[in-house]
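What the coordinates show
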Amino acid sequence: MAQRLHQPRGRGPSEERRRPRGTKRPRRGGGGDGDAPSGAGCLRAWAEENDELAGTWRASRSPGPGRAAQQAARRCRLAFDSLLRKIQGLPAALPSLSLELTVLYNALLFAVSESDGLVEGEAERINHGLIRVLEACGVSGQDLSTEELWQKVLQDVTTEEMRAPLHRLGALQGAVWLAANCLGSVTALFRLLSDAKDPVPSPAAGSENELLALLKAWSVPAEGDASPIVVQSTRDLKEILWTSAAFLQGLQGLEAGNLSAALSLLQAAAAGFCSKRVLAQIYTCIGCCTQQMGKPQTALQHLKRALQVDFQCLSALSQAAAVYRQLGETDAELEALALLHKALETPAQEAVSIDPCFLIRTELLVHTPALASLLSRSHPSEVKYQLAQRCLQAGRVGQAVEHYLDLLALLQEGPQHQVPLHGRSALPRTPEVFLEAASALEQHGRHQDAIAVCEEIIGRTGDLIPETLRLELSSSAGGEAPGVLPQERESLRCVVWRAAAYLHQARAWTRLGESKEAITQFTRCLNVLLRVQLVSAGSSQSGEEMMADALPEVSVLQKIRLLALIGRGSQFLELGRDKEALMNFQRSLQVSPGDPAAVSHLLQALWKLNRRQEAAALWQKFPADAAQADGQQDVLGSPEWERMRM
């Protein structure tokens, strides 16, 4: 049932004020003899306003700086919104629908671009536009879902002049659903737009490729010469949708472990229509996929292509360092990490400007958690820590020490160099970094520097540990750490860090030949551990045994106590205080029964005290590995320490 757009009585002056000033040429809809109807005059004025806004934007082919382009886009959005309110302020009518849907399309393009993504409000505005289309045909669509609205509109509105506006709005609806990962809805919509009754055959296996085939087969209706101007053509939007669909499904395959299908889809996306930034991201994903497929050399080729396309794609550089590590190419890995750290320290360039021709882009449609994780930007402190750690693991102690000292200086400068605590980070807690630096300094022979670094930890944790830390455990309590509050666990960690710092200082004094000072530090280490009291309730196990299974920190405390007792006993032996040494070695064996280092040192003490029978009995009881143990184990890097850091 066709309707005409009527001019309400008494609205002439008001409608005349809606006409944009400076209109220079007559447009569509008012030919013939005599004065044109007021409704046709409004349509001409609104069409001219749309064309002027769209033409001005499209004429600015050279994108300006990010801020200037954003301000220009905002002005255009407000202008299109104002124009749309004028049109939708009147009842829906068939003569104005083509223009209304075009203005709606243009307004939504700017809204999507300005919000840097698709929001729910834009989908609601599309629904409202479809409802007005049905109202113009005398049909109500208030109770229909979005999918039902599209089906109803495309079935009932068959006029040729409405095909282009509806298909254009359909492409925008597809973008909304694609950004929300609603692939089934997108597929169903493009079946309707393509008038396909059955699934479109695709040469590639998998139902997800039906969408790519539908998008490729979708014939975009031609725009007439008198059609209103749009700020982004439907043909360009079609190409962006195809690339985005391939990229998105490739990411889903990568996340699901379907690597073969993921690789095929990502390679298809790389051949699509996108910016250099997105192309670099696609190559990075292909590199990750081929690495997981056991093809590290192929992965490196794609990661290098990503950097060639966009040198600011630092995730590709980070991924390349991981591949080099897998290949055992330490020099290349350290070079990649050094370049990554340098790039991260360089001030970020101004945000990428908006291209006036492509307000909707692939990067606005593809934003999955998998992609965010893969492209997450490392913190400079994290990369510096990786450099230090990898140098130390590769035996390049001197380089590791320099990296650790640089990192400590950064961490002491202020919170801007601290890594946020949310999520997984390659950088451990600050006291642990200090302890690792002290260990590297010891290995490098810089014992006084190691003592100074440990003193920082001791000074900072002194006020964080109570005189007595009583942890009461219940065998009936559930959870990872039964009965232990978060603040109690943090205090327990502070005990671990402080005790480990004293242990490192004691070892440094030992290597400097200062046995008395070493004994003092070993004793301080053991005294810190005595502040922790573990109490078990309703269990035959001791508190320490029970807690060691639930809290890795307790296992680390046991390890530190063992090493401190062995170390102090060894220094007593150096000073000729054999009985005191024997007591320490006996206690160490109680802490860790059967420990090879404890057995070895106890054997030495017994033999030196001429208690040969006891030594022989101990030897028979613990013969394995006792002769090889040297007591120079390190708590850092031990399985207990790694469990605590998890």
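In what follows, the accompanying structure is described. (Residues numbered from 1 in each chain as written. Predicted model: local features only at pLDDT ≥ 70, side-chain atom pairs only at ≥ 80, totals over all residues. Heavy atoms only, no water.)

1. So, the packing of aromatic side chains
- For the structure shown, the criterion picks out four aromatic pairs.
- Residues Phe-80 and Phe-110 carry aromatic rings whose centres are separated by 5.7 Å and whose planes lie at 25° to one another, so their mutual orientation is stacked. Remark: Phe-110 occurs in helix α4 (residues 94-114) and Phe-80 occurs in helix α3 (residues 66-88); sequence separation between them is 30 residues.
- Ring pairs connect the aromatic residues Trp-57, Phe-80 and Phe-110, which therefore count as one cluster.
- Positioned above the aromatic ring of Trp-607 is the side chain of Arg-612, whose terminal nitrogen or guanidinium carbon lies 4.1 Å from the ring centre. (Phe/Tyr/Trp six-rings, centres within 6.5 Å; stacked < 30°, edge-to-face > 60°. Helix = DSSP H or I, 4+ residues; strand = E, 2+ residues; numbered from the N terminus. Lys NZ or Arg CZ within 6 Å of the ring centre and 35° of its normal.)

2. Here we look at the pattern of salt bridges
- Scanning all chains against the criterion turns up 21 salt bridges.
- For Lys-86, the salt bridge is made with Glu-49, and the minimal N-O distance between the two is 3.3 Å. A residue pair is termed long-range when its members are at least 10 positions apart, and Lys-86 in helix α3 and Glu-49 in helix α2 (residues 38-59) qualify at 37 residues.
- Its relative accessible area of 16% is what places Lys-86 among the buried residues.
- For Glu-402, the salt bridge identified is with Arg-446, shortest N-O distance 3.7 Å. One end of the pair, Glu-402, is in helix α19 (residues 397-413); the other, Arg-446, is in the loop between α20 (430-443) and α21 (447-461), and 44 residues separate them in sequence.
- It is possible to trace a salt-bridge network through shared partners that takes in Arg-77, Asp-81 and Arg-125. (Salt bridge = Lys/Arg side-chain N within 4 Å of Asp/Glu carboxyl O. Buried < 20%, exposed > 50% of the residue type's maximum accessible area, 1.4 Å probe, protein only.)

3. Observations concerning the packing of helix α10 (residues 234-256) against helix α12 (residues 276-292)
- Interaxial distance between α10 and α12 falls to 11 Å at its minimum, and their mutual angle equals 25°. Overall, the two elements α10 and α12 adopt an arrangement that is roughly parallel. As α10 packs across α12, the resulting crossing turns out to be left-handed. The segment α10 lies against α12, with Phe-247, Leu-251 and Leu-254 engaging Val-278, Gln-281, Ile-282, Cys-285, Cys-288, Cys-289 and Gln-292.
- Tallied by class, the residues present in the contact of α10 with α12 amount to eight nonpolar, two polar and no charged. (Axes fitted to C-alpha atoms, helices over the stretch in contact; angles between N-to-C directions. Parallel < 35°, antiparallel > 145°, perpendicular 65-115°, else oblique. Left-handed = near helix turned anticlockwise from the far one by under 90°. Contact = heavy atoms within 4.5 Å. Nonpolar A, V, L, I, M, F, W, Y, C, P; charged D, E, K, R; others polar.)

4. Side note on the environment of Ser-96
- Its place among the elements puts Ser-96 in helix α4.
- Judged by relative accessible area, Ser-96 falls into the buried class, the value being 4%.
- The spacing of Ser-96 and Ala-136 is 40 residues in sequence and 9.6 Å in space, taken between C-alpha atoms.
- A distance of 3.1 Å separates the side chain of Ser-96 from the backbone oxygen of Ala-93, its partner in a polar contact. (Polar contact = N/O pair within 3.5 Å; in protein donor to acceptor, adjacent residues only side chain to side chain.)

5. What to know about unusual backbone geometry
- Of note, the phi angle at Asn-181 is positive, near 60°, even though the residue is not glycine.
- Along the chain, Asn-181 falls in the loop between α7 (160-179) and α8 (183-194).
- Positive phi, normally seen in glycine, also occurs at Asn-610, with a value near 65°.
- Along the polypeptide, Asn-610 turns up in the loop between α27 (596-608) and α28 (612-621).

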